[in-house]
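# Structural overview for review
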Amino acid sequence: MSPFFRAPRSSQDSARRSRLPLATWPSAARLLVLVVALMALSMLICAKFDRAGAHSVARATASPGTRCGPSHPAPDAPNGRVAAPAPDPDLYCIDLLPFPVTELDSAAGVARLAPPSSPFGIAVTPDGTHRYTVTVEVTGLPEPAALGPYRTWVAWATTPTLSPMIRLGAVAAGRPARGEVAFDKFLVIVSAEHSDTVTDRRGRIALRGMSASNRLLPVDDPVTLLGAAYPDADDHSGHAGDAPAPDAHAGHPVLAGGALTPIGSVSDWPMHPMDDRLFMPPGMMSLRPTVAPYLPRAGHGAPVAAARPGRSIRLTDGDTLRLEAGLVRRSIRGRMVTMLGYNGQYPGPLLDVHEGASIVVEFVNRLDQPSAVHWHGIRLDNRFDGVPHVTQEPVAPGDSFRYVVRFPDPGIYWYHPHQREDVQQALGLYGNIMVTSRDTSWLGPAHREEVLILDDLLLGDAGLVPFGAEAATHAVMGRFGNVMLVNGSPDLTLSARHGEVVRFFLTNAASTRTFNLSIPGARIKLLASDVGRYEREVWVESVVIAPAERYVVDAMFERTGTTALVNRVRAIDHMAGAFLARSDTLARITVSRERPVRDLAASFRRLREHPDVTREIERFRRHFGRPVDHELVLTMETRDLPFPVRAMMRDDSAYFHPVEWDNTMPMMNWVGTTREIDWILEERATGRRNMDVSWRFRVGDVVRLRLVNARAALHAMQHPIHIHGQRFLILARDGVPSENLVWKDTVLLPVGHSADLLVEMSNPGRWMLHCHIAEHMEAGMMMVFTVEP
């Protein structure tokens, strides 16, 4: 067994062996153990929620003063309009309590956390640690001299080990302190000091509080005991026996779903791979999804051609492209796998077109399942948007469909299916579109360009981990892969010259993974995103890119030698109550001593402004202060989950990271299918959900839409929300206006945060709005709105 794909404590046999002593006990003894375990677990969960609610208790018992407020929006006087909600206080607000209480019982304070200004909607360091702007407010503190020879109060942030100590600033009633921190777990304290210029804490502590991430603690033994005592999955229908009836998820709003041909029964699932550093209770390891496994294979043993690398195709106005979806064969990390590709290529061909061009695409489906092609981010005619059962019927195996695609906006776009996207896109049906601007100086000078499409693939010891046949698996967090791919390659190599400016066009085609990209030794400048350029170019240390998003950056290579395009994140191990550092090399870059003929250092170091972008946005500025027209709350519900899964999810809910960077709960995630998980877009005003939401607009309307990502969901996580056929501006996040606007079609919404979008309704037709985590969309997180001519 390859150590890369080792699944510790994960084989079914070892799981059964671990339960064997218990299985030999008398029934009454086993029942007693189970009851004790359930009681212990109940106590544990209560204790965990007590810890999670410690701040709430403190709010109720502390003396009057500054406290964290409610998470729901409150009316703005005097006109009754609803104010934008602040970041959820349970995760992003810390009650500061007096210490010692007897001397400072009238004192109170709060530390409010917000992401610093970022073009990505979330702020992290290059190694993936979340950054927060901490604002400390206090009330009721006496004169510092009351505690000794002190003259001022100073606020600090520090780790649980009290090192390092970050000075936030002098603080007093009506005079907050503010500073930035980047810690996984941290404390905020206010101390009495001799001077407001001190750089290290020496005086007495008056107020203190802990970040919500401190609730992450190692899972106590009762959970493991319960997992060990949980009966064999084979004895429980729906989790290792026959699949439920086809209508088990009746009423689930699926637009583009559909059953696939299984390769076995529900009991034939191979073990899911798991990171060596993780541990799951044995009871979890025995569970399986409630659907049968599916993998693509050629009919009647027909040979499958090896995939060719994707190539660029130049297309001019009026040209016709034949695009054929079919099986391809690939060898990845020593495993031969059957996947999917367009025109026998992986990824599909890069379409190189000019702004304003229109092309014809003759799509031919050579798969064993229906399909279609969605042209992501393109403001094209609605009938060619490629959404089965909304803009067209699915293209049956052996059939074809003629798309006419026009390209009104320059930039980088992509195409992929919207039929069982969790399977077809994950298996390789995607490709980029480069739309070149009529303006040759649209993005400024660079020596050359690289188009990179990012993905990940889930492999086990036997090859591809199967997909769900009747419904999608991994419906809780989405299907994370364990092999990173760039342009379809797990081992991409690039080259650059010393001092060269390389322009990277980045697309995230992964099912659920959000990347945090950086290039050690190279400076990075952000130019553009989904549907256009930013008002102003900005320097960034790393690029956070969610599924379906695109970014255009320039990188200047100022050091020779070997560097890399890396993805570095901080994931959460909920079982251990710890943060895990993960670093993946996506591409190796060799920087030679040779220098480019043309020196672009001066132009690279200049941050350009784009008055034409600002002028275009100016037409919409009168709408910036308008009331919210529609508000959607993003949440989830579950049904019929196995007890160990639900217990573990409840335990995890004590703390959610703003972004779920990696799959550190693989078994919990895997066994949750779209039969057990509902992901929900709920209209706050009416309570309607997903496909029951009904919005109608007219061409020319400008709509203010608020998205709120509810922290209270059983397993809240970020959502990249995509709007078809239109473009929008992200006006504000958590009520804070955006400083540098850009036209987008996809927005990353972290847990417990909100975003206000200004959507230009420029295209008539029926359009989708949905989460671009493929499994969340399959689990219902989608709606359709109509734009009348």
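The structure we're discussing is the one just above.
These remarks concern the structure in this document. Since the structure is predicted, the reported quantities are computational estimates derived from the model, not experimental observations.

### A closer look at the overall build of the protein
A tally of helices and strands in the protein yields 12 helices and 48 strands. In the protein, which comprises 789 residues, the proportion classed as buried is 61%. In the protein, the share of contacts with a sequence separation of at least 24, taken over all contacts with a separation of at least 6, comes to 79%. In the structure as shown, the protein presents an accessible area of about 29,400 Å², 52% of it carried by carbon and sulfur atoms.

### So, the sheet that holds strand 30 (residues 515–518)
Taking strand neighbours across the sheet as the criterion, the five strands line up as 28-36-35-30-33 in an open arrangement whose pairing is mixed. Among the strands making up the open sheet, the edge pair consists of strand 28 (492–497) and strand 33 (543–545). Between one strand and the next, the sheet's axes are offset by a mean angle of 30°, whatever the strand orientation. As paired elements, strand 35 (residues 561–573) and strand 36 (residues 578–592) share 13 bridges and run antiparallel to each other. The partner of Leu-565 across the bridge, within strand 36, is Ala-587.

### Considering empty space enclosed by the protein
Here the structure, examined in full by the defined rule, presents 12 cavities of 30 Å³ or more. In terms of lining, the largest cavity is formed by 15 residues, of which the most central are Tyr-132, Asp-184, Phe-186, Ser-213 and Tyr-655.

### Some points on the side chain of Asp-422
Mapped onto the elements of the fold, Asp-422 is located in helix 7 (residues 421–424). Sequence-distant contacts of Asp-422, that is, excluding residues within four places in its chain, are made with Phe-467, Ala-472, Ala-774, Glu-775 and Glu-778.

### Concerning the sheet that holds strand 32 (residues 532–540)
If you walk across this open sheet you meet the six strands as 27-23-29-34-31-32, and the pairing is mixed. The open sheet has two edge strands, strand 27 (483–486) and strand 32, and neither has a second partner. For this sheet, the mean inter-axis angle between neighbouring strands, taken without regard to orientation, is 25°. Bridge count for strand 23 (residues 448–457) against strand 29 (residues 501–508) is seven bridges, and the pairing is parallel. Paired with Arg-448 across the strands is Val-502, a residue of strand 29.

### A word on the environment of Val-181
For Val-181, the location among the structural elements is in strand 8 (residues 177–181). Spatially, the C-alpha atom of Val-181 lies 7.4 Å from that of Ile-166, the residues being 15 residues apart in sequence. Among residues more than four places away in sequence, those in contact with Val-181 are His-130, Arg-131, Tyr-132, Val-134, Ala-157, Ile-166, Leu-168 and Phe-186.

### Details of the pairing of strand 45 (residues 746–749)
Alternating positions in strand 45 separate into two faces, Thr-746 and Leu-748 on one and Val-747 and Leu-749 on the other, with burial throughout. Bridge count for strand 41 (residues 719–723) against strand 45 is four bridges, and the pairing is antiparallel. Within the sheet, the bridge partner assigned to His-719 lies in strand 45 and is Leu-749.

### Digging into unusual backbone geometry
Phi is mostly negative for residues that are not glycine, and the peptide bonds are mostly trans. Here the bond from Ser-163 into Pro-164 is cis, since omega is 0°, no more than 30 degrees from zero. Relative to the helices and strands, Pro-164 resides in the loop between strand 6 (152–158) and strand 7 (165–170). At Arg-333, a position not held by glycine, the phi torsion is positive, near 50°. Relative to the elements of secondary structure, Arg-333 occurs in the loop between strand 14 (320–332) and strand 15 (335–342). Under the relative-accessibility criterion, Arg-333 is labelled partly exposed at 37%.

### What about the state of the cysteines?
A complete count under the given rule lists one disulfide for this structure. Shown here is the disulfide that connects Cys-68 with Cys-93, its sulfur atoms set 2.0 Å apart. Between Cys-68 and Cys-93 the disulfide shows an S-S torsion of about -90°. By sign, it is left-handed. With Cys-68 in the loop between helix 3 (54–61) and strand 1 (75–76) and Cys-93 in strand 3 (residues 93–98), this residue pair connects regions lying 25 residues apart in the sequence. Its relative accessible area of 7% is what places Cys-68 among the buried residues.

Rules and cut-offs
- Residues numbered from 1 in each chain as written.
- Predicted model: local features only at pLDDT ≥ 70, side-chain atom pairs only at ≥ 80, totals over all residues.
- Heavy atoms only, no water.
- Helix = DSSP H or I, 4+ residues; strand = E, 2+ residues; numbered from the N terminus.
- Buried < 20%, exposed > 50% of the residue type's maximum accessible area, 1.4 Å probe, protein only.
- Contact = heavy atoms within 4.5 Å.
- Areas by Shrake-Rupley, 256 points an atom, 1.4 Å probe, with all protein chains shown as cover.
- Pairing = 2+ DSSP bridges.
- Axes fitted to C-alpha atoms, helices over the stretch in contact; angles between N-to-C directions.
- 1 Å grid on protein atoms, 1.4 Å probe; cavity = no way out; pocket = protein on both sides within 12 Å on 5 of 7 lines; lining within 4 Å.
- Points joined across faces, edges and corners; volume = space filled by probe spheres on them.
- Disulfide = S-S within 2.5 Å.

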